[in-house]
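Structural features, examined
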Amino acid sequence: MILDGKGLAARRLELLKEDILEEKLSPTLATVIVGDDPASHMYVRMKHRACEQVGINSVNVTLPADTTTKTVLDRIRQLNEDPDIDGILVQLPLPEGIDTESVIASINPEKDVDGFHPLNMGRLMTGLPGPRPCTPKGIMTLLSEYNIPTSGKRAVIVGRSVDVGRPIGLLLLHADATVTICHSKTENLAEITRQADILVSAAGRAGIITADMVKPGESVIDVGTNQVNGKLCGDVSFSEVEKIAGAITPVPGGVGPMTIASLMENTADIARNRCVHFM
Ligand SMILES: NC(=O)C1=CN([C@@H]2O[C@H](COP(=O)(O)OP(=O)(O)OC[C@H]3O[C@@H](n4cnc5c(N)ncnc54)[C@H](OP(=O)(O)O)[C@@H]3O)[C@@H](O)[C@H]2O)C=CC1
Ligand SMILES: Nc1nc(=O)c2c([nH]1)NC[C@@H]1CN(c3ccc(C(=O)N[C@@H](CCC(=O)O)C(=O)O)cc3)C=[N+]21
């Protein structure tokens, strides 16, 4: 079964647009972009398009690549204090030399649409309500919309990043899965991935997940966005794995669009001034 993130995201955006209209919300999302990394352009463009579609005002704050950390912090402070700005997103990665940690920690946690602020990461850890990181949230939405059970199931995550690997591990743990998080030092990776009922690959390595690493009937979630010969592909060797997986997300058209939809939902929730509860 193909987990159609593109189709599901489109439906979620339509529902969100109706909610925003009905509740007379007019959320504003500010995106801070430092430098002009081409990969960011695509993501910022898709985000902007989604904002227009659902009725979120999208404001870009662009700063030159040689901006200092202090300048970024000053700009974020202005956005924190601006009552007309509901959500703040700092486009990652930031250029070398900018202190990413202090930039993320400077965002008002109540405006942190990525859920990356240490306070919101702590709330994720403890299961307290708060905005959850967009890609992990999008994956959980995919699993629940396709009725893929998590309770008591073996979940294996390949990748331990702060923005994807760790938070999806915690969300699956909160959903009563038994979670294993793998990384580049994990030994016998294939032995571990074959035990998974749900496999999430967020390694950023094209072709790292092959058919021999997947248990027949397993659900495979591919977070990877890699370029191979100028073509976008995931971590999973899709054509061979699709034949034995029970469910699989395509790249493009899977996790990516769900990330964007989750970002829109986080922004609307923050504009509703409600402590957002996920899972
Ligand atoms: N579709 C979407 O919405 C999004 C997609 N992405 C994509 O997801 C991918 C992962 O990004 P991100 O989460 O930021 O991860 P990072 O690139 O920050 O880290 C990659 C992780 O994978 C692990 N890893 C690398 N090689 C191997 C290997 N051979 N075996 C096991 N583990 C390995 C690393 O281990 P170690 O910690 O030991 O180095 C690390 O934990 C990228 O392709 C990124 O572009 C990211 C965000 C959103
Ligand atoms: N603060 C911050 N938060 C992020 O969530 C964040 C970020 N910075 N920096 C960049 C990464 C990457 N990311 C993607 C989102 C959607 C797609 C996506 O929708 N991709 C399409 C393909 C688009 C194309 O055609 O190339 C798809 O998978 O179908 C990809 C990548 C969010 N990121």
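Look a little higher up for the structure.
Residues numbered from 1 in each chain as written. Chains lettered and ligands numbered in written order. Predicted model: local features only at pLDDT ≥ 70, side-chain atom pairs only at ≥ 80, totals over all residues. Heavy atoms only, no water.

1. A closer look at the site of ligand 2
- Neighbouring ligand 2 are 14 residues; Val-90, Leu-92, Asp-114, Gly-253 and Gly-256 lie closest to it.
- One of the side-chain N or O atoms of Tyr-43 is found 3.3 Å from an oxygen atom in ligand 2.
- Measuring from a nitrogen atom of ligand 2, one finds a side-chain N or O atom of Gln-91 at 3.3 Å.
- Starting from 680 Å² of accessible surface for ligand 2 in isolation, the protein chains cover 76%.
- Put simply, ligand 2 lies in the largest pocket. (Near = heavy atom within 4 Å. Polar contact = N/O pair within 3.5 Å; in protein donor to acceptor, adjacent residues only side chain to side chain. Areas by Shrake-Rupley, 256 points an atom, 1.4 Å probe, with all protein chains shown as cover. 1 Å grid on protein atoms, 1.4 Å probe; cavity = no way out; pocket = protein on both sides within 12 Å on 5 of 7 lines; lining within 4 Å. Sits in = over half its atoms within 2 Å of the grid points.)

2. Quick look at the nonpolar core
- By size, the foremost hydrophobic cluster in this structure holds 48 residues, and its most contacted members are Leu-29, Ile-139, Leu-143, Leu-172, Val-200, Leu-263 and Met-264.
- At the level of elements, helix H1 (5–22), helix H2 (38–54), helix H5 (118–126), helix H6 (134–145), strand S4 (154–158), helix H7 (165–174), strand S6 (198–201) and helix H10 (255–271) are the ones that each hand at least two residues to this core.
- Among the elements that take part in this core, H10 stands out by supplying eight residues, more than any other.
- Here this core spans two domains, and each of domain 1 (24–109) and domain 2 (134–256) adds at least three residues to it. (Core = buried A, V, L, I, M, F, W, Y, C linked by side-chain atoms within 4.5 Å. Buried < 20%, exposed > 50% of the residue type's maximum accessible area, 1.4 Å probe, protein only. Helix = DSSP H or I, 4+ residues; strand = E, 2+ residues; numbered from the N terminus. Domains from an automatic or database assignment.)

3. Section: the layout of surface pockets
- Of the volumes computed, that of the largest pocket is approximately 1400 Å³.
- Forming the boundary of the largest pocket are 47 residues, of which Tyr-43, Met-46, Thr-225, Gly-256 and Thr-259 lie nearest the centre.
- Secondary structure elements with two or more residues in the lining of the largest pocket: H1, H2, strand S3 (87–90), H6, strand S8 (226–228) and H10.
- Per-element accounting of the lining of the largest pocket gives the leading share, eight residues, to H2.
- Residues belonging to the lining of the largest pocket are distributed by class as follows: 27 nonpolar, 14 polar and six charged. (Points joined across faces, edges and corners; volume = space filled by probe spheres on them. Nonpolar A, V, L, I, M, F, W, Y, C, P; charged D, E, K, R; others polar.)

4. Side note on the site of ligand 1
- Every one of the 20 residues lining ligand 1 counts as a neighbour, but Arg-160, Ser-161, Ser-184, Thr-225 and Thr-259 are closest to it.
- Here Ser-184 contributes a side-chain N or O atom positioned 2.5 Å from an oxygen atom of ligand 1.
- Within the side chain of Thr-225, an N or O atom sits 2.6 Å from an oxygen atom of ligand 1.
- Within the shell around ligand 1, the residues separate by chemical class into six nonpolar, eleven polar and three charged.

5. Thoughts on the pattern of salt bridges
- By the definition in use, this model includes eight salt bridges.
- We note a salt bridge from Glu-265 to Arg-12, for which the minimum N-O separation is 2.8 Å. Note that Glu-265 is positioned in helix H10 and Arg-12 in helix H1, a separation of 253 residues in sequence.
- Taking relative accessible area as the criterion, Glu-265 reaches 11% and is therefore assigned buried.
- Among the residues examined, Arg-12 registers a relative accessible area of 23% and is labelled partly exposed.
- Asp-269 is paired through a salt bridge with Arg-272; the nearest N and O atoms lie 2.7 Å apart.
- Among the ionic contacts, a cluster of salt bridges with common partners joins Arg-12, Lys-137, Glu-145 and Glu-265. (Salt bridge = Lys/Arg side-chain N within 4 Å of Asp/Glu carboxyl O.)

6. Digging into empty space enclosed by the protein
- Counted by the stated rule, this structure contains one cavity of 30 Å³ or more.
- Its boundaries defined by the atoms lining it, the largest cavity holds a volume of some 50 Å³.

7. Some remarks on H2
- Relative to the 24 Å expected for 17 residues at 1.5 Å per residue, H2 spans 25 Å between its end C-alpha atoms, a close match to the ideal helical length.
- Turning to H2, its buried residues are Ser-40, Tyr-43, Val-44, Lys-47, Ala-50, Cys-51 and Val-54. Looking straight down H2, one finds that the buried residues subtend no more than 125° of arc, so they occupy a single side. Of the exposed residues in H2, the ones pointing more than 90 degrees away from its buried face are Pro-38, Arg-45, Arg-49 and Glu-52.
- Close packing links the buried residues of H2 with H1, strand S1 (28–34), strand S2 (57–63), S3 and H10.
- Gly-55, located one to two residues past H2, shows a positive phi value of around 95°. (Expected span 1.5 Å × (residues − 1). Arc of directions from axis to C-beta. Contact = heavy atoms within 4.5 Å.)

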